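So the chains spell out like this:
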Amino acid sequence: MLPGWLDLDAQLRLIAACREWARPPAGLHTVRMPTGGMMSVRMVSLGWHWYPYGYRRVAEDGAPVKPFPPELGSLARRAVTEAYGDARPEVAGATSYGPDTAIVNHYPHGARMGLHQDRDERTDAPVVSLSLGDRCVFRLGNTETKTRPWTDVELHSGDLLVFGGPARFAYHGVVRTLPGTAAPELGLVGRLNITVRESGLGA
C-alpha cells in the first residue's frame, strides 16, 4: 500500500474520467448476482465487461464495452513498478504487466463489498486498486477462507493498493464507507474505486 500516491490533480483527472466512463451506453449500472441479490455498489467496466463471474465484450445494455484507456494502463504499470521496486521480478506477472481491463465501482453512502477473491482473470498478474473520495474500511483476509485472520485498513482518497504475489488471491472487501470524509474540492459524493487488471484473455 502506498498512501497518498495520487496527488489532488491526479485525483481530479481520474474523477472527471470516471464521470465520462459512467455515461451510457455501456455506462454505470447495478449488478444482479446469481443468487438474485443486487450489489450495493454501481459499476462500469472498461476493455472487458465484468459480470458474475467472467468477462465479455458486451455490457449490460447490449452496447460494446468502452475501450480500456491507454493512460490508465500507463498509470497502473507505474503503480506496480513503484509498489514493488527492486522486488518486482520476484512477483508473478509484475515485470511483464500488461493491463487491459478495469472496473470502476461507485460506493454511495451505505454501500459495501463482501469478502471475495478476484479469480475471474486468467492470470496471476497483480491487480491495481485506486481509491477516490470518501474513506473506507478495507478488509484484507487470507487466501483460504473468508474467516480470520484478516486486517482492516482505512483507505483514503489517493491511496494505492496493489494485490500481487501471495496476496493476489486473498479474500478482500469493503466493510463500510465513511460518509462525508472526501475533500470538498473533489466534488464527489461517496467513494470511487478503480481496479485495473490483466485479464489474460488476449485480444
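Below is a short write-up of the structure. No experiment lies behind these values; they were computed from the predicted model shown.

The linkage connecting Pro-24 with the following residue, Pro-25, adopts the cis geometry, with an omega of 0°. With respect to the helices, strands and loops of the structure, Pro-25 is situated in the loop between α1 (8-21) and β1 (29-32). The omega torsion across Pro-52 and Tyr-53 is 0°, close enough to zero to call that bond cis. Tracing the backbone shows Tyr-53 in the loop between β3 (49-51) and β4 (54-56). Its identity as a non-glycine residue notwithstanding, Ala-26 has a phi of 55°, on the positive side. Note that Ala-26 resides in the loop between α1 and β1. With a relative accessible area of 4%, Ala-26 lands in the buried category.

This part takes up the sheet that holds strand β7 (residues 127-133). The six strands are arranged β1-β2-β5-β12-β7-β10 in an open sheet whose pairing can be described as antiparallel. Each edge of the sheet is formed by a strand with only one pairing partner; in this case those strands are β1 and β10 (160-163). Adjacent strand axes in the sheet meet at a mean angle of 30° when their direction is disregarded. Of the pairings in the sheet, the one linking β7 to β10 comprises four bridges and is antiparallel in character. Along β10, the bridge assignment pairs Val-127 with Phe-163. Here α1 sits on the sheet and contacts β2 (38-46), β5 (101-107), β7 and β12 (191-197); the angle it forms with β12, its principal contact strand, is near 85°. With respect to the sheet, helix α2 (residues 70-84) is in contact with β2, β5, β7, β10 and β12, its orientation differing from that of β10 by roughly 80°.

Ranked by internal contacts, the top residues of the largest apolar core, which has 33 residues, are Leu-72, Val-128, Leu-130, Ile-194 and Val-196. Sorting elements by how many residues they give to this core places α2 first, with six residues. In contact with Ile-194, not counting residues within four places along its chain, are Leu-14, Cys-18, Trp-21, Leu-72, Ile-103, Val-104, Val-128, Ser-129, Leu-130 and Leu-132. By size, the runner-up hydrophobic cluster in this structure holds 18 residues, among which are Met-43, Trp-50, Val-127 and Phe-138.

Further remarks concern the environment of Gly-73. Relative to the elements of secondary structure, Gly-73 occurs in helix α2. The buried category is assigned to Gly-73, whose relative accessible area is 1%. Through-space distance from the C-alpha of Gly-73 to that of Asp-100 is 7.1 Å; in sequence the pair is 27 residues apart. When neighbours within four sequence positions are excluded, Gly-73 is seen to be in contact with Phe-68 and Pro-99.

All told, the structure shown has two aromatic pairs when counted by the stated rule. Ring centres 6.4 Å apart and planes at 75° place the aromatic pair Trp-50 and Tyr-53 in the edge-to-face group. Sitting above the plane of the Tyr-107 ring, Arg-191 keeps its charged end 5.1 Å from the centroid.

Criteria and cut-off values
- Residues numbered from 1 in each chain as written.
- Predicted model: local features only at pLDDT ≥ 70, side-chain atom pairs only at ≥ 80, totals over all residues.
- Heavy atoms only, no water.
- Helix = DSSP H or I, 4+ residues; strand = E, 2+ residues; numbered from the N terminus.
- Buried < 20%, exposed > 50% of the residue type's maximum accessible area, 1.4 Å probe, protein only.
- Pairing = 2+ DSSP bridges.
- Axes fitted to C-alpha atoms, helices over the stretch in contact; angles between N-to-C directions.
- Contact = heavy atoms within 4.5 Å.
- Core = buried A, V, L, I, M, F, W, Y, C linked by side-chain atoms within 4.5 Å.
- Phe/Tyr/Trp six-rings, centres within 6.5 Å; stacked < 30°, edge-to-face > 60°.
- Lys NZ or Arg CZ within 6 Å of the ring centre and 35° of its normal.

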